[in-house]
Amino acid sequence: MARRLDILSGTDAGYRFLLTNLMRFASVQQILPESGRLAAAIRFYESIRELGNTRRNPHFWLQYAIACVTLGDLDRSGKYFETAYSLARARNWDTTQIDNHYARYLLETAIANDDPAPAMRGFRAARDLLTKQIKQQQRLHYPYRIARLYGPFTEKFAGQIAPAERTEVRDAVGRILDSISRLPESRRQQRYVRECDEALQYAALVLAEDTVQ
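Here is a short report on the structure shown in this document. Remember, predicted model here, so these are calculated numbers, not experimental data. What you see as residue numbers is a count from 1 along each chain, following the sequence as written. Per-residue local features of the predicted model are confined to residues with pLDDT of at least 70, and side-chain atom pairs are confined, for both listing and counting, to 80 or more; whole-chain, interface and lining totals are unaffected and use all residues. Excluded from the side-chain calculation are hydrogens and water; included are all heavy atoms of the structure.

### Remarks on the overall build of the protein chain
- The secondary structure listing takes helices from DSSP runs of H or I that are at least 4 residues long and strands from runs of E that are at least 2 residues long, numbered from the N terminus. On a plain count of helices and strands, the protein chain comes out with 13 helices and zero strands.
- For the protein chain, the α and β elements follow one another from N to C terminus as α-α-α-α-α-α-α-α-α-α-α-α-α.
- Buried, partly exposed and exposed residues are distinguished by accessible area as a fraction of the type maximum, computed with a 1.4 Å probe on protein chains only: under 20%, between the cut-offs, and over 50%, respectively. Each of the 213 residues in the protein chain was classed as buried or not, and the buried ones make up 45%.
- Here a residue-residue contact requires only that any non-hydrogen atoms of the pair lie within 4.5 Å. Look at the contacts in the protein chain between residues 6 or more apart in sequence, and 62% of them connect residues 24 or more apart.
- Carbon and sulfur atoms provide 49% of the accessible area of the protein chain, an area that totals close to 11300 Å². Only the protein chains shown count as covering a residue, and every accessible area follows the Shrake-Rupley method with a 1.4 Å probe.

Given below as structure tokens:
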């Protein structure tokens, strides 16, 4: 289907739209088998990576990166985020969507790490991306959806990082909780915003208990 749409896209923008939607991981994962899902996703994206509408398309590489981070291949995901950024900048393409998913990649990688030092570096980079998006009121609930990961990050590292670093994390958690409190009621009730608020309220408690100890 993807190959056929790639051919037809030269004559009709509607086919390009269909191809764009077909390469989205949200679409792809609906037809992947439960068993061997990562391998199946990689086979799909590898099979279409050299098409005319995918080879130098930032959206394609972003979706490939999302697939890998979602399915747990963080090393591969990191490489494809680099490719997506490189192609987007070459095209003067807005990187907001890439930034959001890259923040998730940074936090997932930090949580998977057992060394607090690189984990904190990843946390800081993700925090800066999410703070920027929230300040600019971009992506609606998307920054909050990713910021939920502050919860498991805090739970894992609160007792391992230095006091100054705990203060950094506590301040980051506090800023997002404050931002949520200022949202209109309709946005505060959005699923991911509510889940973020719950996760960060818990993170704040963990950080407070760790400070007392």
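More follows now that the structure is in view.
### Quick word on the pattern of salt bridges
- Take a side-chain nitrogen of Lys or Arg and a carboxyl oxygen of Asp or Glu: if they are within 4 Å of each other, that pair is a salt bridge. A full pass over the atoms with the stated rule returns 14 salt bridges.
- A salt bridge links lysine 156 to aspartate 114, with the nearest nitrogen and oxygen atoms 3.1 Å apart. A residue pair is termed long-range when its members are at least 10 positions apart, and lysine 156 in helix H10 (residues 150–157) and aspartate 114 in the loop between helix H7 (96–112) and helix H8 (116–135) qualify at 42 residues.
- With a closest N to O distance of 2.4 Å, arginine 148 and glutamate 195 form a salt bridge. Of this pair, arginine 148 sits in the loop between helix H9 (142–147) and H10 while glutamate 195 sits in helix H13 (residues 191–212), placing them 47 residues apart in sequence.
- Linked through salt bridges whose partners overlap, the residues forming this network are Arg124, Arg127, Asp128, Glu165 and Glu168.

### Some details on the packing of aromatic side chains
- Classification of ring pairs rests on two measures: the distance between centres of Phe, Tyr or Trp rings, Trp counted by its six-membered ring, which must be within 6.5 Å, and the angle between planes, read as stacked under 30 degrees, edge-to-face over 60 and tilted in between. Under the criterion given, the structure shown has 15 aromatic pairs.
- Their ring planes at 85 degrees and their centres at 5.0 Å tell us that phenylalanine 60 and tryptophan 61 sit as a pair that is edge-to-face.
- Judged by relative accessible area, which is 0%, phenylalanine 60 ranks as buried.
- Where tryptophan 61 meets tyrosine 80, the ring centres are 5.4 Å apart and the plane angle is 50 degrees; that geometry is what we call tilted.

### Focus: the packing of helix H4 (residues 37–48) against helix H5 (residues 58–70)
- Axes here refer to lines fitted to C-alpha atoms; in helices the fit is confined to the stretch in contact. Angles between the N-to-C directions go from 0 to 180 degrees. Interhelical geometry of H4 versus H5 gives an angle of 165 degrees and a closest axis separation of 10 Å. Here H5 runs roughly antiparallel to H4, going by the angle between their axes. Along this stretch, H4 crosses H5, giving a crossing that reads as left-handed. The segment H4 lies against H5, with Ile42, Tyr45, Glu46 and Ile48 engaging Phe60, Gln63, Tyr64 and Ala67.
- Of the residues that constitute the contact of H4 with H5, the class distribution is six nonpolar, one polar and one charged. Any angle that is under 35 degrees is reported as roughly parallel, and any over 145 degrees as roughly antiparallel; angles of 65 to 115 degrees are reported as roughly perpendicular and all others as oblique. Take the far helix as your reference; a near helix turned counterclockwise from it by less than a right angle gives a left-handed crossing, and one turned clockwise gives a right-handed crossing. Under the scheme applied, nonpolar residues are Ala, Val, Leu, Ile, Met, Phe, Trp, Tyr, Cys and Pro; charged residues are Asp, Glu, Lys and Arg; polar residues are all the others, including Gly.

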